[in-house]
Amino acid sequence: MRKISFAIIGLGSRGLDSYAQYALTHPEEMEIKAVADPKKEKRDKAAKLFNLDPSMVFHDADELLNREKLADAAIIATQDQEHVKQAVKALEKGYDILLEKPISPKKEEVELLEKKAKKEGHLVVVCHVLRYTPFYKTIKSLLENNAIGKLMSLDAIEHVGYWHQAHSFIRGNWRNESLSSPMLMQKSCHDMDIIRYLVGSPCKKIASYGGLSYFKAENAPQGASRRCMDGCKAKQRCPFDAEKIYITNKRTGIRHNPGDNWPCNILADSPDEEKLYDAICNGPYGRCVFYSDNDVVDHQVVSMEFASNVTATFTMTGFTADNHRTIKLFGTEGEIEGDMEKNQLVLRRFGEEEQVIPLEETCSGHGGGDEEIVKSFIMEMNGIHSASSTLEASIDSHMMVFAAEKSRKTGQVEMLIKDDEIKSQAYDPEDGIVFEWAGRAEGISEEQ
């Protein structure tokens, strides 16, 4: 198999700490040829890791993409609103692209990328990494083998975790829609995609409810200060306290998790206590969760009906102790219950003893999905079909998010497909039951 060379645009926790790591563990398959990032410490770290010549280290995406093509493929892992602009330019330069999700928070940009990828004829894979995990691949296989008969409904929950909500969606880069994306798009387009994948037919109707209810100034406890380290009188009893999350917490704090680990490595490169105290005393990650400039939701529910008549619900909530995903699937002959954090699936066929389904143990991020999607992309580049997702499938799930967000704000059920638009259905070994329809319906609503 031919080694594939990559240019990496965006050296954050996804571009450098997740996808680029495959080049270190599989140097015979992947080579990093060029990198770009506005942060000098990130550039220096990548240059050292991959032994890059200074001429192949760039200050930003434009500087890299203004050069002639430097590698076979590009990994684009920048901020949400930059993805499509950079992807279009990379396609024009001849790169195949592994694109961090979401594609874009703007519907017109998502459609632009679809058209541009078709025109240029290059591979674009969106990093919907859950499809590549043993956990969800096993569920898909069980459904395809009729382990629970015909799928009728499913219930999926994303337990965001109180500390992850505080880190990423109140204090962090994805706290504000105008700066990034709606939370359902940024955090949970993964989940919309995996639900669409498991059901195996397009979503016909969708509704959503939720909002930012708790993390705002009117709910600040008595004595709370604007910053956690500025003499906050509520600090001792506040679980969202920055010192607890980044310094003393057994799961996330640097005292119990020394080294270059997330989320502490977002606050400082090669973090230690001194650097982290400086960051929470002076930077955005030390702000009170009730006095930040966040506006994304802290809880949301989505209800869906698919063209195959399967119904589904999805709940995303920041009010959980742990950060993980759970799912239940209900069929005509049984049910499946899964917990991704425990890496456990239980199959209960009606009238039979329950079975615990063995799953492959993984050590890479997102339950093994981060490593597997890079491996799959490299195989695709070598002409070996292995990608579980296509750009079209990723766009389909993005359309579900756009419709859900519109429903949440307008109070109307959004129709994605009219009944008379479904032309035919057929079985596809990759995606189960696949429906053909005349096209995505626009602007059709029903009063709830």
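The structure we're discussing is the one just above.
The present account deals with the structure reproduced in this document.

Here we look at the packing of helix H7 (residues 134-144) against helix H10 (residues 189-199)
Direction vectors running N to C along H7 and H10 enclose 25°, while the axes themselves pass 9 Å from each other. In terms of orientation, H7 lies roughly parallel with respect to H10. Here H7 runs over H10; the crossing is right-handed. Contacts between H7 and H10 involve Tyr136, Ile139, Lys140 and Leu143 from the former and Ile194, Tyr197 and Leu198 from the latter. Looking at the contact of H7 with H10, its residues break down into 6 nonpolar, no polar and 1 charged.

Observations regarding the side chain of serine 5
Relative to the elements of secondary structure, serine 5 occurs in strand E1 (residues 4-9). Serine 5 gets classed as buried once you look at its relative accessible area, which sits at 9%.

A word on the pattern of salt bridges
A complete count under the given rule lists 34 salt bridges for this structure. Residues glutamate 305 and lysine 205 are paired through a salt bridge, measuring 3.9 Å at the closest nitrogen-oxygen approach. Of this pair, glutamate 305 sits in strand E9 (residues 299-306) while lysine 205 sits in strand E8 (residues 203-211), and the two are 100 residues apart along the sequence. On the basis of relative accessible area, glutamate 305 is assigned to the partly exposed category, the value being 22%.

Regarding unusual backbone geometry
Trans is the common state for peptide bonds, and a negative phi is the common state for residues other than glycine. A cis amide bond, omega -5°, links lysine 101 with the succeeding residue proline 102. The topology assignment puts proline 102 in the loop between strand E5 (96-99) and helix H6 (107-120). Following tryptophan 262, the chain continues to proline 263 via a peptide bond in cis, the omega torsion being 5°. Note that proline 263 resides in the loop between helix H11 (242-248) and helix H12 (264-267). For asparagine 51, which is not a glycine, the phi torsion comes out positive at approximately 55°. Within the secondary structure, asparagine 51 sits in the loop between helix H3 (40-49) and strand E3 (57-58). Classification of asparagine 51 by relative accessible area gives exposed; the value is 70%. At asparagine 146, a position not held by glycine, the phi torsion is positive, near 55°. Take asparagine 146: it is sitting in the loop between H7 and strand E7 (151-159).

Side note on the packing of aromatic side chains
In total, this model carries 11 aromatic pairs according to the counting rule given. On the numbers, 6.2 Å between centres and 85° between planes, the contact of tyrosine 246 with tyrosine 285 is edge-to-face. Within this pair, whereas tyrosine 246 is found in helix H11, its partner tyrosine 285 is found in the loop between helix H13 (273-282) and E9, the two being separated by 39 residues in sequence. In this structure tyrosine 285 comes out as buried when scored by relative accessible area, which is 11%. Connected via pairs of aromatic rings, a cluster forms that spans Tyr162, Tyr214, Phe215, Phe240, Phe290 and Phe319.

Definitions and limits used
Residues numbered from 1 in each chain as written. Predicted model: local features only at pLDDT ≥ 70, side-chain atom pairs only at ≥ 80, totals over all residues. Heavy atoms only, no water. Axes fitted to C-alpha atoms, helices over the stretch in contact; angles between N-to-C directions. Helix = DSSP H or I, 4+ residues; strand = E, 2+ residues; numbered from the N terminus. Parallel < 35°, antiparallel > 145°, perpendicular 65-115°, else oblique. Left-handed = near helix turned anticlockwise from the far one by under 90°. Contact = heavy atoms within 4.5 Å. Nonpolar A, V, L, I, M, F, W, Y, C, P; charged D, E, K, R; others polar. Buried < 20%, exposed > 50% of the residue type's maximum accessible area, 1.4 Å probe, protein only. Salt bridge = Lys/Arg side-chain N within 4 Å of Asp/Glu carboxyl O. Phe/Tyr/Trp six-rings, centres within 6.5 Å; stacked < 30°, edge-to-face > 60°.

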